[in-house]
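# Summary of the model geometry
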Amino acid sequence: IRRAGVIGAGIMGSGIAAAHVKRGVATTLLDADEKALGRGVRSAFEDVAYNKKTKRPDVQRTLQAAPLLHATSELIDLAACDLVIEAVVENAEVKRQIYSQLEPQLRPEAILASNTSTIPITRLAEKLTRPDRFCGLHFFNPVKRMQLVEVIRGRQTSDETVASVVAHAKRIGKHPIVVADGPGFLVNRLLFPYMNEALQLVSEGVSLVEIDRAAKAYGMPMGPIALYDMVGIDTAFYAGRTMWEAYPDRVAASPILPMLMKQGRLGQKSGAGFFSYKNKRGDAQPDPALDPLIAPYCSPSTTKSQTQIISRLMLPMLLEATRVLQEQVVRDPRDVDFGLIYGLGFPAYRGGLLFDTDAVGAAKVVEQLREFESLGSRFRPTPLLLELAGSGTKFYREGRA
Ligand code: NAI
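What comes next concerns the included structure. (Residues numbered from 1 in each chain as written. Predicted model: local features only at pLDDT ≥ 70, side-chain atom pairs only at ≥ 80, totals over all residues. Heavy atoms only, no water.)

## Side note on the overall build of the chain
Across its full length, the chain carries 17 helices and 12 strands. Radius of gyration (C-alpha) of the chain: 21 Å, near the 21 Å computed for a compact globule of 401 residues. A burial count over the chain gives 55% of its 401 residues as buried. Long-range pairs, those at least 24 residues apart, make up 68% of the contacts in the chain with a sequence separation of at least 6. Total accessible area on the chain stands at roughly 18100 Å², and carbon and sulfur atoms take up 52% of it. Here the chain carries 50 positive and 43 negative side-chain charges, and the mean point of each set is 5 Å from the other. (Helix = DSSP H or I, 4+ residues; strand = E, 2+ residues; numbered from the N terminus. Rg over C-alpha atoms; globule rule 2.2 N^0.38 Å. Buried < 20%, exposed > 50% of the residue type's maximum accessible area, 1.4 Å probe, protein only. Contact = heavy atoms within 4.5 Å. Areas by Shrake-Rupley, 256 points an atom, 1.4 Å probe, with all protein chains shown as cover. Lys, Arg positive; Asp, Glu negative; His and termini not counted. Charge placed at Lys NZ, Arg CZ, Asp CG, Glu CD.)

Now the structure itself:
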């Protein structure tokens, strides 16, 4: 792959373009909106120019990178690309529309990939002429820091496409895992129950700061509420909708995200979401203006112990991980733990969620789940967990891992 194209110069597209340019891959970055394109190019260059040693932008790096990044708003400019990564809004219709215009302009051997966080690849491929040359290539936010990429194999994706994209991901310094198609693939499918539970805690009256503090005490690099703001409230909502549609039985949709969107509070990118970012350094700060907005959706303020909050956040994620294993979304437990550590910044010293559960013991976890029985099916032990608890075996047992 000599020339890459990236469609959508938002949070992800600009980071993906920067990752390519940093590794010397000529890249064309496209956005339909001129202003967004300008912001994306600027952000990509800031990323490329940053010198970790001096903690400053480096003019020399910028000059070296400049000829490699080409900005455009015309699809025809992607015709020479060997790989095009689409990173526009999380909306299947918009994405499919772009593919139908783009595919006839690409060379037959070019690969088209989507950075979608949740929409099944097979569904996005429905109207393509060459679905075998299409797959998911899912980066994580922030692209410059998160090393994982998921390569998602749609029903018609060819082995050659998967192998080329895996090799390309390694070339730009990422750690790829190949995952089966399905809503949320691997990492977002695991992240979603955790994020959703954070909203449930908010609606039960637990403070935003306490929720984030508990997640950080567990070892997560940031709390779920700050993560909503970083991901973007709109993106989180659209991603969430795909998950709610797929798993309605264990997900209670929260009205809080649509309300924030209506208020234009889209997270860091708009200066405010759950927290406010309107200070000099752009740090997250509690925002009193939020209180009257979320009050109608919340019970009176309540306190929970840090241990309780951690269990509420982590147990739904663990249960989802057991379902993922049973459905063979990945080959073995190591893929789950690898994905969580490199894709979400899950504390590496715990060895991963499944490794950590093995240390505690499945029987103990089943016991912990009893405390939350009244919260419904999302806290019900899964057949795999019950099997491990009953037999006293582990996820990482011989023959499985
Ligand atoms: P964003 O809202 O920051 O950027 C999307 C960009 O696409 C905007 O600049 C917009 O002008 C452009 N766009 C919209 N329609 C277009 C069209 N028809 N042609 C060309 N450009 C168009 O969104 P973000 O967060 O970068 O997400 C992009 C994709 O990446 C989504 O599919 C999202 O699910 C996925 N993703 C997002 C992550 C996140 O944390 N934000 C993480 C991983 C994946």
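## Concerning the packing of aromatic side chains
Aromatic ring pairs are reported here in terms of the distance separating the ring centres and the angle at which the planes meet. For the structure shown, the criterion picks out nine aromatic pairs. Ring geometry for Phe237 and Tyr238: centres 5.5 Å apart, planes at 65 degrees, overall edge-to-face. Put simply, the rings of Phe192, Phe237, Tyr238 and Trp244 touch in pairs and so form one group of aromatic residues. Arg350 extends its terminal NZ or CZ atom over the ring of Tyr218, reaching a point 3.8 Å from the ring centre. (Phe/Tyr/Trp six-rings, centres within 6.5 Å; stacked < 30°, edge-to-face > 60°. Lys NZ or Arg CZ within 6 Å of the ring centre and 35° of its normal.)

## With respect to the pairing of strand 8 (residues 134-139)
In terms of burial, strand 8 is largely enclosed, as six of its six residues are buried. Judged by which residues are buried, strand 8 turns out to be covered on both faces: Phe134, Gly136 and His138 on one side and Cys135, Leu137 and Phe139 on the other are all buried. By the bridge criterion, four bridges tie strand 8 to strand 9 (residues 148-153) in an arrangement that is antiparallel. Within the sheet, the bridge partner assigned to Leu137 lies in strand 9 and is Val151. (Pairing = 2+ DSSP bridges.)

## Some points on the site of the ligand
Residues in contact with the ligand amount to 24 residues; listed here are only the nearest, Met12, Asp31, Glu90, Lys95 and Ser117. Ala32 places a main-chain nitrogen or oxygen 3.3 Å from a nitrogen atom of the ligand. Counting residues per element, the ones that place at least two in the shell around the ligand are helix 1 (11-22), helix 4 (92-102) and strand 8. Its residues assigned to classes, the shell around the ligand shows 11 nonpolar, eight polar and five charged. (Near = heavy atom within 4 Å. Polar contact = N/O pair within 3.5 Å; in protein donor to acceptor, adjacent residues only side chain to side chain. Nonpolar A, V, L, I, M, F, W, Y, C, P; charged D, E, K, R; others polar.)

## Thoughts on the layout of surface pockets
Taken as a whole, the second largest pocket encloses approximately 610 Å³ of empty space. Contributing to the lining of the second largest pocket are 21 residues, with Lys22, Arg23, Asp47, Lys52 and Lys144 lying nearest its centre. Of the residues forming the lining of the second largest pocket, the biggest block, four residues, is contributed by helix 1. Of the residues that constitute the lining of the second largest pocket, the class distribution is nine nonpolar, four polar and eight charged. (1 Å grid on protein atoms, 1.4 Å probe; cavity = no way out; pocket = protein on both sides within 12 Å on 5 of 7 lines; lining within 4 Å. Points joined across faces, edges and corners; volume = space filled by probe spheres on them.)

## Here we look at empty space enclosed by the protein
Taking a probe equal in size to a water molecule and rolling it over the atoms shows the remaining empty space. For the structure on display, the rule yields three cavities of 30 Å³ or more. Forming the boundary of the largest cavity are 13 residues, of which Phe192, Pro193, Arg250, Val251 and Glu320 lie nearest the centre. Secondary structure elements with two or more residues in the lining of the largest cavity: helix 7 (187-203) and helix 13 (306-326). By residue class, the composition of the lining of the largest cavity is six nonpolar, one polar and six charged. Volume-wise, the second largest cavity comes out at about 50 Å³. Around the second largest cavity sit Glu103, Leu106, Ala110, Leu112, Leu128, Arg130, Arg133 and Phe134, which together line it. Taken together, the residues of the lining of the second largest cavity break down into five nonpolar, no polar and three charged.

## Quick look at the sheet that holds strand 1 (residues 3-7)
On the basis of which strands lie adjacent, the open sheet formed by eight strands has the order 5-2-1-6-7-8-9-10 and mixed pairing. Edge positions in the sheet fall to strand 5 (69-72) and strand 10 (175-180), since each has one partner strand and no second. Going from strand to strand, the sheet's axes swing by 25 degrees on average, the running direction of each strand aside. Sheet strands in contact with helix 2 (residues 34-49) are strand 2 (26-30) and strand 5, and its direction is about 170 degrees off that of strand 5. Helix-sheet contacts for helix 6 (residues 159-171) involve strand 6 (83-86), strand 7 (111-114), strand 8, strand 9 and strand 10, and the interaxial angle to strand 9 is about 175 degrees. (Axes fitted to C-alpha atoms, helices over the stretch in contact; angles between N-to-C directions.)

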